[in-house]
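Each chain is listed here by its residues.
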Amino acid sequence: MTQQFETIALIGIGLIGSSIAREIREKQLAGTLVISTRSEATLARAEELGLGDRYTLSAADAVRGADLVIVSVPVGASGAVAQEIAAHLKPGAIVTDVGSTKGSVIAQMAPHLPDTVHFVPGHPIAGTEHSGPDAGFVGLFRGRWCILTPPAGQDEEAIARLRRFWETLGSMVEEMDAEHHDKVLAIVSHLPHIIAYNIVGTADDLEAVTESEVIKYSASGFRDFTRLAASDPTMWRDVCLHNKDAILEMLSRFSEDLAYLQRAIRWGDGDKLFDLFTRTRAIRRSIIQAGQDTAMPDFGRHAMDQK
Ligand SMILES: NC(=O)C1=CN([C@@H]2O[C@H](COP(=O)(O)OP(=O)(O)OC[C@H]3O[C@@H](n4cnc5c(N)ncnc54)[C@H](O)[C@@H]3O)[C@@H](O)[C@H]2O)C=CC1
Ligand SMILES: O=C(O)C(=O)Cc1ccc(O)cc1
């Protein structure tokens, strides 16, 4: 493959950062790949794994001379990273991130970044419940969406270069505004994780009563929840704190619908239950039939946007 950037700096080398690093190396997308993270042990591990060409604990040092800077840290740390790198960025550099929330990352980073760089926030909708540099792998982004949320008026060439980068990693790229991103992701990604954390927590509380039955009889439905509930606590604490409004809005809709379901069960209203379960089964089947089980569902932009 052809080199796309002379120097790429990766700040943060966990699941996402190290997956990107492996792709860059395999596809030879950078002349030089510089890796930075704040923990000495993680940086040493990245070096052992041979993920980059140069390693440094200083994010400021890492971005000097870089044409593309990718920030891959928990969203709550993005402001501090932006502040640290701002004065050392090369004019004309593209600065991006991979954070699961976009409004908050933009609010934290943009005020620090100089006008001489192109800020194009991004979010690959691909991941696992694992974290750290060992968890990454080539192919994570293949066939997955990557959403870019550039501010209005951002340099088109910078957006096009970043789009091409993600497409080279196998992603399908879509652009949308940060507010819409945060609402869509609240329902398709953030709520499922919160519900998983909650149901596993509830089962854990019940375990005192049922002894070890929760583990013993856990069927695949419960096991699926435990996978999501094993996701990184720092990352998901930050997602909850940094997409608060959209998550609370979706949680309140969810609670209303759950109360409807609860009432149907209480009053033995089998028709209501059957109708809902039939509708949801059709949604799953249509996704599978269209071969789009990796695609972002179109939840209807207008419905999502109205409060
Ligand atoms: N895990 C997932 O499935 C996905 C995560 N994301 C987003 O990607 C970002 C990174 O997540 P993961 O790679 O999963 O996390 P991770 O926990 O595997 O890695 C985070 C990395 O950031 C470093 N770090 C933490 N605070 C830092 C700071 N202040 N300065 C410099 N480095 C710092 C850690 O040492 C580690 O190298 C998060 O913003 C997350 O929301 C996006 C898509 C999927
Ligand atoms: O592990 C899973 O099922 C995920 O949902 C991964 C994931 C987690 C966070 C994101 O922002 C995007 C994807």
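Residues numbered from 1 in each chain as written. Chains lettered and ligands numbered in written order. Predicted model: local features only at pLDDT ≥ 70, side-chain atom pairs only at ≥ 80, totals over all residues. Heavy atoms only, no water.

Read across the open sheet, the 6 strands follow the order 3-2-1-4-5-6; overall the sheet is parallel. Looking at which strands have only one partner, the edges of the open sheet turn out to be strand 3 (54-56) and strand 6 (118-119). Where strand 1 (residues 5-11) lies against strand 2 (residues 30-36), 6 bridges are found, and the strand directions are parallel. Considered in strand 2, the bridge of Phe 5 is made with Ala 30. Relative to strand 2, helix 1 (residues 15-27) is tilted by about 160°, and along the sheet it contacts strand 1, strand 2 and strand 4 (68-71). Across the sheet, helix 2 (residues 40-48) touches strand 2 and strand 3, and the angle it forms with strand 3 is around 175°. (Pairing = 2+ DSSP bridges. Helix = DSSP H or I, 4+ residues; strand = E, 2+ residues; numbered from the N terminus. Contact = heavy atoms within 4.5 Å. Axes fitted to C-alpha atoms, helices over the stretch in contact; angles between N-to-C directions.)

Here we come to the site of ligand 2. Residues in contact with ligand 2, as listed here, are Ser 100, His 123, Ala 126, Gly 127, Thr 128, Glu 129, His 193, Arg 227, Leu 228, Met 235 and Trp 236. The side chain of His 123 places a nitrogen or oxygen atom 2.6 Å from an oxygen atom of ligand 2. In isolation ligand 2 exposes 340 Å². Once the protein is present, 83% of that is buried. Of all elements in the fold, only helix 9 (220-229) and helix 10 (233-242) reach the threshold of two or more residues within the shell around ligand 2. Residue composition of the shell around ligand 2, grouped by class: 4 nonpolar, 5 polar and 2 charged. (Near = heavy atom within 4 Å. Polar contact = N/O pair within 3.5 Å; in protein donor to acceptor, adjacent residues only side chain to side chain. Areas by Shrake-Rupley, 256 points an atom, 1.4 Å probe, with all protein chains shown as cover. Nonpolar A, V, L, I, M, F, W, Y, C, P; charged D, E, K, R; others polar.)

If you trace the backbone, Asp 97 turns up in strand 5 (residues 94-97). On the basis of relative accessibility, which here comes to 3%, the residue Asp 97 falls in the buried class. A distance of 3.2 Å separates a polar atom in the side chain of Asp 97 from the backbone nitrogen of Gly 122. Ignoring anything within four residues of it in the chain, the contact list for Asp 97 reads Val 71, Lys 102, Val 105, Val 120, Pro 121, Gly 122 and His 123. (Buried < 20%, exposed > 50% of the residue type's maximum accessible area, 1.4 Å probe, protein only.)

Strands sit in the order 7-8-9 across an open sheet of 3 strands; the sheet is mixed. At either margin of the open sheet sits one strand with a lone partner, and together these are strand 7 (122-124) and strand 9 (172-175). Adjacent strand axes in the sheet meet at a mean angle of 20°, parallel and antiparallel pairs treated alike. Strand direction decides the pairing type here: strand 7 and strand 8 (residues 145-148), joined by 3 bridges, are antiparallel.

Positive phi, normally seen in glycine, also occurs at Gln 28, with a value near 50°. With respect to the helices, strands and loops of the structure, Gln 28 is situated in the loop between helix 1 and strand 2.

Attention now moves to helix 11 (residues 244-266). With 23 residues, helix 11 ought to run about 33 Å at 1.5 Å a step, and its terminal C-alpha atoms sit 32 Å apart, in line with that. Listed as buried for helix 11 are Ala 246, Ile 247, Glu 249, Met 250 and Ala 264. Following helix 11 by one or two positions, Gly 268 adopts a phi angle in the positive range, close to 65°. (Expected span 1.5 Å × (residues − 1).)

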